[in-house]
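Coordinate inspection notes
Here are the chains, one letter per residue:
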Amino acid sequence: KQEVTQIPAALSVPEGENLVLNCSFTDSAIYNLQWFRQDPGKGLTSLLLIQSSQREQTSGRLNASLDKSSGRSTLYIAASQPGDSATYLCAVGPLDSSYKLIFGSGTRLLVRP
Amino acid sequence: EPEVTQTPSHQVTQMGQEVILRCVPISNHLYFYWYRQILGQKVEFLVSFYNNEISEKSEIFDDQFSVERPDGSNFTLKIRSTKLEDSAMYFCASTPTARPQNNQPQHFGDGTRLSIL
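Residues numbered from 1 in each chain as written. Chains lettered and ligands numbered in written order. Predicted model: local features only at pLDDT ≥ 70, side-chain atom pairs only at ≥ 80, totals over all residues. Heavy atoms only, no water.

Below, the discussion takes up the overall build of chain B. The secondary structure content of chain B amounts to one helix and eleven strands. When the helices and strands of chain B are placed in sequence order, the string is β-β-β-β-β-β-β-β-β-α-β-β. At 14 Å, chain B has a C-alpha radius of gyration in line with the 13 Å of a compact globule built from 117 residues. Considering only C-alpha atoms, chain B reaches an extent of 40 × 30 × 30 Å along its principal axes. Counting over 117 residues, chain B shows a buried share of 46%. Look at the contacts in chain B between residues 6 or more apart in sequence, and 56% of them connect residues 24 or more apart. Looking at chain B as shown, the accessible area adds up to about 5,900 Å², and 45% of this sits on carbon and sulfur atoms. Of the side-chain charges in chain B, 10 are positive and 14 negative, and the distance between the mean point of each set is 2 Å. (Helix = DSSP H or I, 4+ residues; strand = E, 2+ residues; numbered from the N terminus. Rg over C-alpha atoms; globule rule 2.2 N^0.38 Å. Buried < 20%, exposed > 50% of the residue type's maximum accessible area, 1.4 Å probe, protein only. Contact = heavy atoms within 4.5 Å. Areas by Shrake-Rupley, 256 points an atom, 1.4 Å probe, with all protein chains shown as cover. Lys, Arg positive; Asp, Glu negative; His and termini not counted. Charge placed at Lys NZ, Arg CZ, Asp CG, Glu CD.)

Have a look at this one:
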């Protein structure tokens, strides 16, 4: 059964710092991996989607990498800003399903001014 | 940018009552999903829906739950007889096509917070 784990559970950094959020999954049989942002009381905003054949995706200050064989993904945030404060979730699309995403429990990020 | 919209944002219901949560997916999307997030826990898949049929459902999605696309725009989740443990945030999502065909990200709404008293 696929399990998705995110470390750390919470992170507090000063503004301007570069940071890395980690996601690991137990079964490498995935179609893709998606990173989301969740603000308190709000929905999930899709940040990046990496297909299983890709190694990384970039959007602005965000870069996500995928090492499928080792079951790991990282989300790199450059030059962090207070507006980046949110919970970041990763989710994998398993090969045995065309539809569902399996989520990690998230990393709660606080960027201090 | 097109959005998935959900109503109401917060629903308070007595235990045992029926509740219907409503979603308007992005207009050209064909696949629809419901997820839930119990407070402090992971987001969990409930069901996916395509062409007026359930495509896949999880163990959580038992006989108390049903989904429907009553018209060309709305997608609903009904819980027939609510229990205390149904209290959660319920998210609707949609994609243009199913993932294997076109690796599209799922787009989520802001959710409905369901509180069962």
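With that out of the way, let us pick up the sheet that holds strand S8 (residues 72–77) of chain A. Residues and elements named next belong to chain A. An order of S1-S3-S8-S7-S6 is seen for the five strands of this open sheet, with the pairing classed as antiparallel. Two strands close off the open sheet at either side, each with one partner strand: strand S1 (4–7) and strand S6 (56–59). On average, each strand axis in the sheet is tilted by 15 degrees relative to the strand beside it, whichever way the strands run. Two strands pair when backbone bridges link them, and strand S3 (residues 19–25) and S8 are joined in this way by six bridges, in the antiparallel orientation. The residue of S8 that forms the bridge with Leu19 is Ile77. (Pairing = 2+ DSSP bridges. Axes fitted to C-alpha atoms, helices over the stretch in contact; angles between N-to-C directions.)

By convention, interface size is frequently given as the accessible area that disappears when the constituent parts associate. Counting residues at the interface gives 22 residues for chain B and 25 residues for chain A. Each partner contributes to the roughly 2,000 Å² buried at the junction of chain B and chain A, and carbon and sulfur atoms together form 54% of this total. The partner of Glu56 of chain B in a salt bridge is Lys100 of chain A, and the shortest N-O contact between them spans 3.8 Å. Run the count over chain B and chain A and you get seven residue pairs in polar contact (both at pLDDT 80 or more). Elements with a contribution of two residues or more to the side of chain B that touches chain A: strand S4 (31–37), strand S5 (43–50), strand S6 (53–57), strand S9 (88–95) and helix H1 (99–102) of chain B. Counting residues per element, the side of chain B that touches chain A draws most heavily on S4 of chain B, which supplies four residues. Residues of the side of chain B that touches chain A, tallied by class, amount to eleven nonpolar, seven polar and four charged. (Buried area = accessible area lost by both parts, 1.4 Å probe. Salt bridge = Lys/Arg side-chain N within 4 Å of Asp/Glu carboxyl O. Polar contact = N/O pair within 3.5 Å; in protein donor to acceptor, adjacent residues only side chain to side chain. Nonpolar A, V, L, I, M, F, W, Y, C, P; charged D, E, K, R; others polar.)

So, on to the state of the cysteines. Applying the stated rule across the entire model yields two disulfides over all chains. One disulfide in the model links Cys23 of chain A with Cys90 of chain A; its S-S distance is 1.9 Å. Here the S-S torsion is close to 65 degrees, and the disulfide linking Cys23 of chain A with Cys90 of chain A is therefore right-handed. Taken together, the positions of Cys23 of chain A in strand S3 and Cys90 of chain A in strand S9 (residues 86–94) put the pair 67 residues apart, joining distant regions of the chain. Sulfur-sulfur distance for the disulfide between Cys23 of chain B and Cys92 of chain B comes to 2.0 Å. Between Cys23 of chain B and Cys92 of chain B the sulfur-sulfur dihedral comes to about -65 degrees; the bridge is accordingly left-handed. Note that Cys23 of chain B is positioned in strand S3 (residues 19–24) and Cys92 of chain B in strand S9, a separation of 69 residues in sequence. For Cys23 of chain B, a relative accessible area of 1% translates into the label buried. Given a relative accessible area of 0%, Cys92 of chain B falls into the buried group. (Disulfide = S-S within 2.5 Å.)

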